[in-house]
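This is what each chain is made of:
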Amino acid sequence: QMVESGGGAVQAGDSLTLSCAASGRTLSLYDMGWFRQAPGKERQFVATNTRSGVTSYADSVKGRFTIARDNAKNTGYLQMNSLKAEDTAVYYCGIRSINKVVYEYWGQGTQVTVFP
């Protein structure tokens, strides 16, 4: 129900923009989040954008990543600048209904590989 795209292999210092299209759901009704999972590690929080537009970021990406949404296009984004090798992971977007803590719907993930 969520479809991520935009991943790829880049050099450290490069930029990528990930997209997350909500299929069958109206994105404006949900909080949206980006998470990532590196090999052998647990999935970790990257950024969130609430229905009201409040954003928050993991300390490791603050100042480099920007989360945004275009409700008219039913699509969310994660702009990633100044990428580092440690940003290498599969990136997932998820959405959750108001007052929910757990993200309910997820995409299949998109691979981001950053070469040092």
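This text follows the structure it describes.
For clarity, every value in this text was computed on a predicted model and none was experimentally measured. (Residues numbered from 1 in each chain as written. Predicted model: local features only at pLDDT ≥ 70, side-chain atom pairs only at ≥ 80, totals over all residues. Heavy atoms only, no water.)

Enquirer: Give me the sheet that holds strand 8 (residues 75–80): which residues, what numbers.
Expert: Taken in spatial order, the 4 strands of this open sheet run 1-3-8-7, and their pairing is antiparallel. Of all the strands in the sheet, the pair left with one neighbour each is strand 1 (2–5) and strand 7 (65–70). Neighbour to neighbour, the strand axes of the sheet diverge by 15 degrees on average, direction disregarded. One ladder, built from 4 bridges, connects strand 1 with strand 3 (residues 16–22); its direction is antiparallel. If you follow Glu 4 over to strand 3, its bridge partner there is Cys 20. (Pairing = 2+ DSSP bridges. Helix = DSSP H or I, 4+ residues; strand = E, 2+ residues; numbered from the N terminus. Axes fitted to C-alpha atoms, helices over the stretch in contact; angles between N-to-C directions.)

Enquirer: Just give me the short version of the state of the cysteines, but keep the residues and values in it.
Expert: One pass over the structure, following the stated rule, counts 1 disulfide. A sulfur-sulfur separation of 1.9 Å characterises the disulfide bridge that pairs Cys 20 with Cys 93. Residues Cys 20 and Cys 93 are joined by a disulfide whose S-S torsion is about 65 degrees; by sign, that bridge is right-handed. Taken together, the residues span a long stretch of sequence, with Cys 20 in strand 3 and Cys 93 in strand 9 (residues 89–96) at a distance of 73 residues. Residue class for Cys 20 comes out buried when judged on its relative accessible area of 0%. (Disulfide = S-S within 2.5 Å. Buried < 20%, exposed > 50% of the residue type's maximum accessible area, 1.4 Å probe, protein only.)

Interpretation in functional terms is not warranted from these geometric data alone.
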